[in-house]
Amino acid sequence: MTDFHSALRSLRVWDTDLPSFDPATAPPEPLPLFHEWFTAAVEAGQTEPHTLSLATADEEGRPDVRTVMLHDADARGWHFASHATSAKGLQLAARPEAALGFYWPVQGRQVRIRGHVTAGTREEAYEDLHARSTGALAAALVGRQSELLDSPGTLASASEAAWTRAEAEPDAPAPSWTLYVVAPAEVEFFQGDERRRHVRFRYRRTTDGDWTRELLWP
């Protein structure tokens, strides 16, 4: 435990020059600002800026979180994909609400999103999957995500068969593959500051569909 605590206490956060963010210059809606920050993270060399934490809850209200990949962010919302039969898919079917979290430490930035989740069409799911790599298709063809696995050998065998099929049938369908869209009710942009005077700027959708913009204490 000593090594763990020494390592933990040795870490420093944001003790470097960070970009500034003036909320007065922010656009009326959150999507353009997200696109701007995402592009800036890519240009700054952030590793895998398209990965995000996805939080859902099961039927009993117990929270769950995992890391997934962003597939798009447009006027409908933030897109990700998974199997409808996976743990997250079943949770979203029972409670179609989710929270997303992006963390881009190179620039000391976070983006948090909360909203209602809907499933895209079967055609959208097909196009989403087949725009990706052979490996992604093979993994989708294996399926059975979150089910109990009896041995690594069983996975290896199923994976090998799926790879063979994905290479031979690049248009093969994966029926349970689903594209999900989070329609944002709240979007918060967090800009870290080396003196800990962090900027928290939130967009909150009103009942008439417009956006309210507000600052939060860090």
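Everything that follows concerns the structure shown earlier in this document.
Residues numbered from 1 in each chain as written. Predicted model: local features only at pLDDT ≥ 70, side-chain atom pairs only at ≥ 80, totals over all residues. Heavy atoms only, no water.

Caption draft 1: Main features of the pairing of strand 1 (residues 51–57). In terms of strand pairing, strand 1 meets strand 2 (residues 63–69) through seven bridges, oriented antiparallel. Bridging across to strand 2, Ser 53 finds its partner in Thr 67. Linking strand 1 to strand 2, which pair antiparallel, is a turn of five residues; within it Gly 61 sits at a positive phi near 85°. Examined bridge by bridge, strand 1 and strand 5 (residues 97–104) share three bridges and lie antiparallel to one another. For Ser 53, the partnering residue across the bridge sits in strand 5 and is Gly 101. (Pairing = 2+ DSSP bridges. Helix = DSSP H or I, 4+ residues; strand = E, 2+ residues; numbered from the N terminus.)

Caption draft 2: Region of the structure containing helix 2 (residues 30–43). For helix 2, spanning 14 residues, the distance from its first C-alpha to its last is 20 Å, which sits close to the expected 20 Å at 1.5 Å a residue. Buried within helix 2 we find Pro 30, Leu 31, Leu 33, Phe 34, Trp 37 and Ala 41. Angularly, the buried residues of helix 2 cover 160° about the axis, an arc narrow enough to put them on a single face. Exposed and oriented more than 90 degrees from the buried face of helix 2 are Glu 36 and Glu 43. The positive-phi residue at the C-terminal boundary of helix 2 is Gly 45, with phi of around 85°. (Expected span 1.5 Å × (residues − 1). Buried < 20%, exposed > 50% of the residue type's maximum accessible area, 1.4 Å probe, protein only. Arc of directions from axis to C-beta.)

Caption draft 3: A look at the pattern of salt bridges. Taken as a whole and judged by the stated rule, the model has 11 salt bridges. Note that Arg 62 is salt-bridged to Asp 58, the shortest N-O span being 2.7 Å. Judged by its relative accessible area of 14%, Asp 58 is buried. Among the ionic contacts, a cluster of salt bridges with common partners joins Asp 58, Glu 60 and Arg 62. (Salt bridge = Lys/Arg side-chain N within 4 Å of Asp/Glu carboxyl O.)

Caption draft 4: The arrangement of the nonpolar core in detail. Within the largest apolar cluster, 30 residues are counted, with the highest numbers of intra-cluster contacts made by Phe 34, Trp 78, Phe 102, Val 111, Ile 113 and Phe 189. Where this core is concerned, the elements lending two or more residues are helix 2, strand 1, strand 4 (77–83), strand 5, strand 6 (109–119), strand 7 (177–191) and strand 8 (199–205). When residues in this core are grouped by element, the largest group, five residues, is from helix 2. With residues near it in sequence (within four places) discarded, Phe 189 still touches Pro 30, Leu 33, Phe 34, Trp 37, Gln 110, Val 111, Val 199, Arg 200, Phe 201 and Tyr 203. In terms of nonpolar packing, the next biggest core, distinct from the first, is built from 13 residues, Ala 81, Leu 141, Ala 162 and Ala 174 among them. (Core = buried A, V, L, I, M, F, W, Y, C linked by side-chain atoms within 4.5 Å. Contact = heavy atoms within 4.5 Å.)

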